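Breakdown of the fold
So the chains spell out like this:
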Amino acid sequence: MHIDIITCLPKLLESPFSDSIVKRAIAKGLVKINVIDLRAYATDRHRSVDDYAYGGGAGMVLMVEPIDRCISDLKSRRTYDEVIYMSPDGEPFRQSLANALSLKQNLIILCGHYKGVDERVREHLVTREISIGDYVLSGGELAAAVVTDAIVRLIPGVLSDETSALSDSFQDNLVAPPVYTRPADYKGWKVPDVLLSGHEAKIEAWRHEMALERTRQRRPGLLADNPDEPGNIPAGER
Ligand code: ADE
């Protein structure tokens, strides 16, 4: 997979990909992440990428021309599955979308800044808009890092234990069950007996029950979206 991230603040994206799972995925050649400085596509000698909003009001707006030049340049080198714009009013980012995007070959992620981008970018250049939550960040960079991380760990071969992504929270609309490690008894705080029993089927059943229980308590809305759980009403039929 090839991910090109366009930003006017490339330094913000230096560390998120330089450690842990994403770093290993890059080293294994499973993903290439390219951070592109939008200023390289500016047309004036001040390397401006933003300007005042027509009609007035506080805040600068990223200009259409440098973004168009940048995206055209990238598209001249490869074909992209999606041009994603990170925005608080985009489609909510969920595990199901991470799964779908992890199957793509080439992605562009555009980070907004200041007041956002000229609307013509959204109308003509972007194929998808994603929000990572109902709050406003200073820019799209951290959101792009979140989306990239969630996608990259799902690329086949990235996780050493291939099944571990399947047992993540949200993979089946359930949050993850509790996990424990040694010691089995710490200050009298005990690990549940079933996990020490060595009985695989019982452990699986316990984990599923705990995942259900936790989801009921913490995220009941997820259960309503899970058609596989008995007693749940699919979202469209509520
Ligand atoms: N840019 C600013 N806030 C954002 C958010 N919540 N999600 C995605 N991009 C953003």
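As shown above, the structure is provided for reference.
Attention here is on the structure that accompanies the text. Source: prediction; values computed, not measured.

Observations concerning the overall build of the protein
The helix and strand inventory of the protein stands at eight helices and nine strands. Seen through its C-alpha atoms, the protein measures out along the principal axes to roughly 70 × 45 × 35 Å. The proportion of buried residues among the 238 residues of the protein is 39%. In the protein, once contacts between residues fewer than 6 apart in sequence are set aside, the share between residues at least 24 apart is 72%. Surface exposure of the protein reaches about 14,000 Å², of which carbon and sulfur atoms provide 51%.

Remarks on the side chain of serine 131
Its place among the elements puts serine 131 in strand S7 (residues 128-131). Taking the relative accessible area as the measure of exposure, serine 131 reaches 4% and is therefore buried. Of note is the side chain of serine 131, whose polar atom sits 3.3 Å from the backbone oxygen of proline 88. When near neighbours in sequence (up to four residues on either side) are disregarded, serine 131 contacts Ser87, Pro88, Gly90, Glu91, Pro92 and Phe93.

A word on the site of the ligand
Every one of the 13 residues lining the ligand counts as a neighbour, but Ser87, Ile132, Gly133, Tyr135 and Leu137 are closest to it. Here a nitrogen atom of the ligand sits 3.2 Å away from a polar atom, N or O, in the main chain of serine 87. Separating a nitrogen atom of the ligand from a backbone N or O atom of tyrosine 135 is a distance of 2.8 Å. Considered on its own, the ligand offers 260 Å² of accessible surface; in the complex 96% of this is hidden by protein. Where the shell around the ligand is concerned, the elements lending two or more residues are strand S5 (82-92) and S7. No other element matches the three residues that S5 contributes to the shell around the ligand. A class-by-class count of the residues in the shell around the ligand yields eight nonpolar, five polar and no charged.

Criteria and cut-off values
- Residues numbered from 1 in each chain as written.
- Predicted model: local features only at pLDDT ≥ 70, side-chain atom pairs only at ≥ 80, totals over all residues.
- Heavy atoms only, no water.
- Helix = DSSP H or I, 4+ residues; strand = E, 2+ residues; numbered from the N terminus.
- Buried < 20%, exposed > 50% of the residue type's maximum accessible area, 1.4 Å probe, protein only.
- Contact = heavy atoms within 4.5 Å.
- Areas by Shrake-Rupley, 256 points an atom, 1.4 Å probe, with all protein chains shown as cover.
- Polar contact = N/O pair within 3.5 Å; in protein donor to acceptor, adjacent residues only side chain to side chain.
- Near = heavy atom within 4 Å.
- Nonpolar A, V, L, I, M, F, W, Y, C, P; charged D, E, K, R; others polar.

Honestly, that's just the spatial picture; any functional story needs more than this.
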